[in-house]
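Take a look at the letters that make up each chain.
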Amino acid sequence: MKLKEECAIFGVYGAADAAQVAYLGLYSLQHRGQESSGIITSDGDRIHEHRAIGLVAKVYDREILENLPGRLAIGHNRYSTTGFSSIANIQPLLVDCKIGKIAVAHNGNLVNAIELRRGMEMDGSIFRSTTDSEVILHLIARSRQSTREEMIMEALRKVKGAFSLVFLTTDTVMAARDTRGFRPLCLGRLDDAYLFASESCAFDIIGAQYMRDVAPGELCVLGPGGPKFMRFAEPEEPLQRCIFEFIYFSRPDSKVFGENVDKVRRKLGRRLAEESPVDADIVIAVPDSSNTIALGFAEASKIPFELGLIRNHYVGRTFIQPRQSMRDWDVRIKFNPVRGVLKGKKIVVVDDSIVRGSTMRKLVSILRQAGADKIHLRIGSPPITHSCYYGIDTPTRGELIASNHSVEAIGEYLGVDSLHYLSREGLLTCVEEPHNYCVACFSGQYPVIPDGCLHKDVFEDRTGCGEGFGVREDVGR
Ligand code: SF4
């Protein structure tokens, strides 16, 4: 897998140890973001906060969690990126305004944030971060509606794009999802407490029950008056759920968009095997993201699944400058071939996607050196030809190998004996409501065009958490 992760959000209302529940939830959502983490709690009177750069296990310890008292909490994991790594951008964001303190954690990307921000800056607003999520807080603070819920709903009607959000005030935890439902967000129950999470696997770790998804256009309010489920707007049909949640982002043990990720991912593998049968001795996955797709492929093709690559799970950032002789070290540090499995074999390598192709090219070379006789590469998604503007960190279009190379040319570049991508039609047969999914990164047909896309504007940031402002030049072309 080569796309960067997006973000994780979590919310707790009514648990005695809300910070610890949030910590465990964020721990199980670590795969969605590894750069930084934050938890904000409320004890009913005061707000408490902790945010830092690093993995969840590093950001918090017992003392920190004890200093986050209260029965209400929201949390956020931010994914790794190369720029915009300032402390000010670590979520949840917290502001103090006329309705008191309000915090927000965001998964997604607002496509009209730059226009909204510029307008508000011209009006005198001062922004503390470069995240687009802060725009939402400013809109809430400026609203003239009479109740807190109406102020939030008015703000949500003004922003465009992808957002799954959790809010915290001193006495409420709220959650909202954009009207097209790009990003997942689910509601759960733990005894008397309510929970929100990006994925249901976060409920399992704490023994909570998945109840349902937060609906597109819905604002869920958990407060002293009991739960309230309101609509800030009608869902926009067809929905635009991100199909990449099934291909890569979500954990296979999660339920996302009402379907089990494991089941969908196996279907991807089975369909891939039907579309591209091959004579081979073994099927191997590029672990871990492709394991389930490879199992589906092996099952349908009746070719045995083997562990031909071992992944090192403990790879952090590395700063070494390798000698020329240490070729492919950046891939070798992550994946090691099992020679006894591969030597002299015709192998099918299953991966979920190809972005630039550089990692796969090195991996193919490593597999050849380990003795693989033939390498047939099968990809569990169609060619990625366009960038994502809805919360996934894809490179610019020109960097996507499939945007300017044929499948044949890509296969040659990678050095494989054959290459096949899952077709778009095949992909969509694997989900229950195919018409309700975004496939813009495979088609270039963007359901929501970022404002200003026809101007050549600054676009520095391609982050998943709504970082930075501007649009890319290639949108809409
Ligand atoms: Fe998901 Fe691709 Fe749509 Fe982005 S463009 S939301 S990655 S399907």
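Okay, so let's go over this structure. Remember, predicted model here, so these are calculated numbers, not experimental data. (Residues numbered from 1 in each chain as written. Predicted model: local features only at pLDDT ≥ 70, side-chain atom pairs only at ≥ 80, totals over all residues. Heavy atoms only, no water.)

This brings us to the overall build of the protein chain. Regarding its fold elements, the protein chain presents 16 helices and 23 strands. Within the span of the protein chain, comprising 477 residues, buried residues form 59% of the whole. Within the protein chain, contacts between residues separated by at least 24 positions form 70% of all contacts whose residues are at least 6 apart in sequence. Surface accessibility of the protein chain: about 19100 Å² in total, with carbon and sulfur atoms responsible for 49%. (Helix = DSSP H or I, 4+ residues; strand = E, 2+ residues; numbered from the N terminus. Buried < 20%, exposed > 50% of the residue type's maximum accessible area, 1.4 Å probe, protein only. Contact = heavy atoms within 4.5 Å. Areas by Shrake-Rupley, 256 points an atom, 1.4 Å probe, with all protein chains shown as cover.)

What follows is about the sheet that holds strand S22 (residues 418–421). Spatial strand order, S17-S20-S21-S22: four strands in an open sheet with parallel pairing. In this open sheet, the two strands that pair with only one neighbour each are strand S17 (282–285) and S22. Each strand of the sheet is rotated relative to its neighbour by a mean of 20 degrees, with strand direction disregarded. Relative to strand S20 (residues 346–351), S17 runs parallel, the two sharing four bridges. Residue pairing across strands places Val283 opposite Val348, the latter belonging to S20. Sitting on the sheet, helix H13 (residues 358–369) is in contact with S17, S20 and strand S21 (374–379), with an inclination near 150 degrees to S21. (Pairing = 2+ DSSP bridges. Axes fitted to C-alpha atoms, helices over the stretch in contact; angles between N-to-C directions.)

Scanning the entire structure with this criterion turns up 12 aromatic pairs. Note on Phe244 and Phe249: the rings are 5.7 Å apart at their centroids and 50 degrees apart in plane angle, and the pair reads as tilted. You'll find Phe244 and Phe249 in the same group, each marked buried. Measuring from ring centre to ring centre gives 6.0 Å for Phe246 and Tyr437, while their planes differ by 55 degrees; the resulting arrangement is tilted. Here Tyr437 lies in strand S23 (residues 437–438) and Phe246 lies in helix H8 (residues 244–249), a separation of 191 residues in the sequence. Across the pair, exposure class does not vary: Phe246 and Tyr437 are buried alike. Put simply, the rings of Phe182, Tyr389, Tyr390 and Tyr446 pair up and form one aromatic cluster. Sitting over the ring of Tyr194, Arg189 keeps its end group 4.2 Å from the ring centre. (Phe/Tyr/Trp six-rings, centres within 6.5 Å; stacked < 30°, edge-to-face > 60°. Lys NZ or Arg CZ within 6 Å of the ring centre and 35° of its normal.)

Quick look at the site of the ligand now. Near the ligand the following residues occur: Arg183, Cys242, Ile243, Phe244, Cys388, Tyr390, Ile392, Cys438, Ala440 and Cys441. When grouped by side-chain class, the residues that make up the shell around the ligand number nine nonpolar, no polar and one charged. (Near = heavy atom within 4 Å. Nonpolar A, V, L, I, M, F, W, Y, C, P; charged D, E, K, R; others polar.)

Here we come to the environment of Ala18. The topology assignment puts Ala18 in helix H1 (residues 18–28). Ala18 gets classed as buried once you look at its relative accessible area, which sits at 0%. Sequence separation of Ala18 and Leu195 is 177 residues, and the distance between their C-alpha atoms is 9.8 Å. When near neighbours in sequence (up to four residues on either side) are disregarded, Ala18 contacts Val12, Gly70, Arg71, Leu72 and Ala73.

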